[in-house]
Amino acid sequence: MKTTSGGYVVSKCRALLLLFAFIGSLIAVGVLVYFLADRPYPAAALTNGNGAAASASSSSGSGKKDQPHDMAGNKNVRLPRAVLPSRYDVRLFPVLEKGNFSILGHVSIDLQCQMETDRIVLHSADIVVDPKSVKVFEQGNKPGKTLMVASDGIHYDTDMEFLVIRLCPKHKDKLAKGANYTLSMNYVGNLTDQLRGLYRSTYKEDGVEKYIAVSQMEPTDARRAFPCFDEPNMKATFTVTLGRHRDMTALSNMPLINTTQMQVTLEGMEGFYWDHFAPSVPMSTYLVAFIVANFTQVEADVGNATWKFNIYARPSARNQAQYASEIGPKIQAFFEDYFQIPFPLPKQDMIAIPDFAAGAMENWGLITYRETALLYDEKKSSVSNKERVCEVVAHELAHQWFGNLVTMDWWTDLWLNEGFASYAEYLGSQHVEPGLKWLQQFVTRDLQDVMSLDALESSHPISVVVHHPNEINEIFDRISYGKGATIIRMLAAFLGEKTFRQGLTNYLKSRQYGNAVQDDLWDALTKQAKVNKVPLPTGVKQIMDTWTLKMGFPVVTVTREYENSSVSLSQERFLMQRSNASSQDKTVYLWWVPLTYTTDFQTVGSTWLADGQTGKKHELSIPVDKNQWVIFNVDQMGYYRINYDSKNWQMIGQQLMTNHSAISVINRAQIMDDSLNLAEAGLLDYETALNLTRYLEHETDYVPWDAALSSMGYISSMMSRTSGYGLLKKHFRTIITPLYNLVGFDQKVGEDLLMTKLRTNAVSWACSMGNKDCISRAVNSYAQWMADPENIDIISPNLKGTVTCTAIREGDEVEWEFALNRYMASNVASEQAVLLSSMSCSEKPWILAKMLEMSLDPNSGIRKQDAARVISQVAYNSLGRYMSFNFIRDKWTELRKVFPSTFSSMSGIIKAVATSFNTELELKELIQFREEKSEGLSGAERATQQSIDRAKNNLNWMRQNYQKVVDWLQRVY
Ligand code: BES
Ligand code: ZN
């Protein structure tokens, strides 16, 4: 089946079409007749497999005129609801032939008519429908009546991504309210490499290039695979049939029921089959999945579960599927118990895809993953890789209930889907990997991480009204995920675990196979809180609306009156920096704040701050010795910062220095993060915050270190090109060296996973802050590895990143070339990712320039999915920062082509480049950049604005704090 000449391609193409036509009764012959008539567009669609969209003949006719605009001038992108789909029969044949990548499809949709109409409006994009094949007939006891489609009745509204089918006005045919119809048609599409819709992915097996077809529908790309009603609340059942070569396997959401041979006896076209899958449960289009691949299958042991569970991967990555096959069924069973609802499908498949835009996708019963998010190599992957696989698997499995069984009504409530899965992933992960102490890690990985974004004026509320696919794509961001997870965790804490879980189960059961908005969840929880007599100051909705409808979060200021054991509390929005914009914002930034406090971590007191107490102080009596500290926000369950009067800060500092374990691990992390960020925002003097960091000399727990290092990483990134950097490095070395000496370079057998992660951090900081011992050990191990490249025992996977980074930074071209060669030779995606990011540690500008060029070169060996990361990594290098900025300005047009508007690649690059900008000139250039490129920024506008805000903050930080930090350093060292 080699494709050698153009002529052959054409005949092959015809052969495929013949094949397609000969499927007998399955698919109407019309499409074939149409293709063979040599019409211009289907021919183009079939021969162009290089990513260009099929050029559907666009007519901006009737469909467009009908579209109303809302008040804000947004086009109404929602489908009319005159007809609703109840069942799809989708038959697809992805043609995996070089030079002929295409999709031959047939869809038949059962419709329920809600309102009399003469047209059917559904979604389709980059698809060409054979107009002659379009049929509408009425269902009934007798053979249904066929309705006439107007001769010019097929319109594409490419802007709206609509396909409009009009019935013939001459026949006065109409769809009648209450009646049921079937709409069917044949179509062709391209099997592009754009990582969306039904697309192709490639990999090499024994040096031979292989192709697979795979789908990614969320949020709005099912319409690129088959014409459909592509909105989350238009649920229907799906019966899928996939065509494949005999050497391939086809997979879909449901299990295979039988396979039939394609009835063709054309030369060179033998050996094709149709795989027929069981009808699905009612579900949204964005969860549909199709795969044709020749992967190996690893069957997991499911104990006495009622479902099967399989992992699929490239044959040569088979041994990397073991870990996922162990944890997958355990987590799925955990969620069955947690939600009190059995997993409703007979099977679950999880598959690692070589080219994948997101991290993973929760398609019901067929979850797709990027290789780094599913595969784990016992010998070559690190603890962080294991953690990543565990986290992603748990996240996608949580979606099987929260998202798949009950789905958001519209994308405005996306945060509910993603925020909940981002919360529940910690519960599932904790169940299978308790050693990683997930519930502690929550605060640094999500809560503190998202606070840094949500403290900017350009943040946005969790709940955002969205219309257009670009806007929808933009909200898959840290706010929806991290803040969503954080406020759900806070909610679970103030309701209590029992009430939260029972309310959740009630909510899921009452809406299963349907849709919901956030208020539905709040209702269910309020009801359960009443049943369980949970004391709440007001309804769950009133409380939660303050967190979902307003952006940002509060800082609560605690002022003690030491003589009479009382405390006065007040809240205001925490902003890194205030500009004029926020003084014009009329929102009342007050929240319902669930407050907790302790003086000994034995007993915990609680109270609420109300959203209506403008300016009013809240008084509280805490009977405690005046020489005893009080700590608020116990275990940082609440989404807010705490500031104290200076005496209380001082007492906390003393406690940390003398016996830090009197304060909980999470609160130590909270104290590091709050104090350094309060200082950054000008609400606490740097002296207090930096003095607190000195206790770290005694700290040996992972989470407080993680918090401290990321907040101090900010100071480091601000100062890395200033004269004060030498002293700052000295401070870092002083606090990190005791830890470095304690954990050492070598992993102990059987140690805690978090200890291994702590070592990774300690070694990384020690080396980058110039610890001599660290640098020489790293350089030596790398040299040994270069002398013995196949020996995997020289460097632990947990230190490979730091060792490679250090050796490349200290070294020259040979070290870099070696890493590149190992990257090319590796069969383990997570190892590749580590090598690629370490390669950007070089301090040779020309090497960095080479990396930037490679990111866009399709023949460089860097996958499209990783290109954005390469550019971001170079930008994180303080030498590469400006080079990357120049690069994106110069190569803007190419970049836009490589990264489709979906997925946040462009946003990520812009953020990475600008995150440490801190000079007037850099800020000016960034603003200019936004103005020049405003047209092409669609989907990254918000990220650009956030970057500008951040650069302004940075500039201010330099003006207000740089000297203070230097003064402190000079005093101490
Ligand atoms: N539903 C998303 C996948 C997705 C992301 C689709 C963006 C469309 C656009 C999936 O559940 C998800 O959130 N995946 C995460 C990983 C997760 C562990 C946070 C991802 O892809 O990064
Ligand atoms: Zn998700």
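Residues numbered from 1 in each chain as written. Chains lettered and ligands numbered in written order. Predicted model: local features only at pLDDT ≥ 70, side-chain atom pairs only at ≥ 80, totals over all residues. Heavy atoms only, no water.

With respect to the coordination of the zinc ion (ligand 2)
Okay, so step 1: Within the protein, His395 (NE2), His399 (NE2) and Glu418 (OE) serve as the donor atoms for the zinc ion (ligand 2), at 1.9 to 2.1 Å.
Okay, so step 2: One chain supplies every donor to the zinc ion (ligand 2), and in sequence these donors are spaced H-x3-H-x18-E. Taken together, the positions of His395 in helix H7 (residues 383–399) and Glu418 in helix H8 (residues 414–432) put the pair 23 residues apart, joining distant regions of the chain. (Donors = N, O, S within 2.8 Å, 3.2 Å for Na, K, Ca; no water. Helix = DSSP H or I, 4+ residues; strand = E, 2+ residues; numbered from the N terminus.)

A word on the confidence of the model for the protein chain
Okay, so step 1: The pLDDT averaged across the protein chain works out to 90; a share of 90% of its residues lies at or above 70.
Okay, so step 2: For the stretch residues 1–15, pLDDT sits under 50, and the model shows 19 contacts to residues farther than four places along the chain or on other chains.
Okay, so step 3: Overall, residues 21–72 carries pLDDT values under 50, and its contacts beyond four positions in sequence, including any with other chains, amount to 92 contacts. (pLDDT = per-residue confidence, 0-100. Contact = heavy atoms within 4.5 Å.)

Observations regarding the sheet that holds strand E25 (residues 566–573)
Okay, so step 1: One open sheet accounts for four strands, arranged E28-E25-E24-E30; its pairing is mixed. What marks the edges here is a single partner per strand, and that holds for strand E28 (618–621) and strand E30 (641–644). With direction set aside, neighbouring strand axes in the sheet form an average angle of 25°.
Okay, so step 2: Where E25 meets E28, four bridges bridge the pair, whose relative direction is antiparallel. Residue pairing across strands places Leu569 opposite His618, the latter belonging to E28.
Okay, so step 3: The sheet contacts of helix H16 (residues 646–659) involve strand E24 (554–561) and E30, and relative to E30 the element is tilted by about 105°. (Pairing = 2+ DSSP bridges. Axes fitted to C-alpha atoms, helices over the stretch in contact; angles between N-to-C directions.)

A word on the site of ligand 1
Okay, so step 1: Close to ligand 1 lie 17 residues, the nearest being Glu218, Gly359, Glu362, Glu396 and Tyr481.
Okay, so step 2: Measuring from an oxygen atom of ligand 1, one finds a side-chain N or O atom of His395 at 3.1 Å.
Okay, so step 3: Here ligand 1 has 510 Å² of accessible area as a free molecule, and 88% of this is covered by the chains.
Okay, so step 4: Only strand E20 (360–361), H7 and H8 provide two or more residues apiece to the shell around ligand 1.
Okay, so step 5: Element by element, the count of residues in the shell around ligand 1 is highest for H7, at four residues.
Okay, so step 6: Looking at the shell around ligand 1 residue by residue, the class counts come to eight nonpolar, four polar and five charged.
Okay, so step 7: When residues of the shell around ligand 1 are sorted by domain, at least three fall in each of domain 1 (78–293) and domain 2 (407–550). (Near = heavy atom within 4 Å. Polar contact = N/O pair within 3.5 Å; in protein donor to acceptor, adjacent residues only side chain to side chain. Areas by Shrake-Rupley, 256 points an atom, 1.4 Å probe, with all protein chains shown as cover. Nonpolar A, V, L, I, M, F, W, Y, C, P; charged D, E, K, R; others polar. Domains from an automatic or database assignment.)

Brief notes about the pairing of strand E5 (residues 135–138)
Okay, so step 1: Here E5 runs beside strand E9 (residues 180–190); their pairing, made up of four bridges, is antiparallel. The partner of Phe137 across the bridge, within E9, is Thr182.
Okay, so step 2: Of the strand pairs in this sheet, E5 and strand E6 (residues 146–147) are connected by two bridges, and their pairing is antiparallel. Bridging from a neighbouring strand, Val136 pairs with Leu147 of E6.

Side note on the nonpolar core
Okay, so step 1: Grouped together as the largest cluster of nonpolar side chains are 319 residues, with contacts concentrated most on Phe226, Phe290, Phe500 and Phe632.
Okay, so step 2: Looking at this core element by element, the count peaks at eleven residues for helix H19 (residues 702–719). (Core = buried A, V, L, I, M, F, W, Y, C linked by side-chain atoms within 4.5 Å. Buried < 20%, exposed > 50% of the residue type's maximum accessible area, 1.4 Å probe, protein only.)

Here we look at unusual backbone geometry
Okay, so step 1: The step from Glu218 to Pro219 runs through a cis peptide bond, and the omega angle for that step is -5°.
Okay, so step 2: In this fold, Pro219 is placed in the loop between strand E11 (208–216) and strand E12 (237–245).
Okay, so step 3: Even without a glycine there, the phi angle at Glu161 is positive, about 60°.
Okay, so step 4: Residue position: Glu161 is located in the loop between strand E7 (149–157) and strand E8 (162–167).
Okay, so step 5: With a relative accessible area of 15%, Glu161 lands in the buried category.
Okay, so step 6: Not every positive phi belongs to a glycine, and Lys437 is a case in point at roughly 40°.
Okay, so step 7: Taking relative accessible area as the criterion, Lys437 reaches 32% and is therefore assigned partly exposed.

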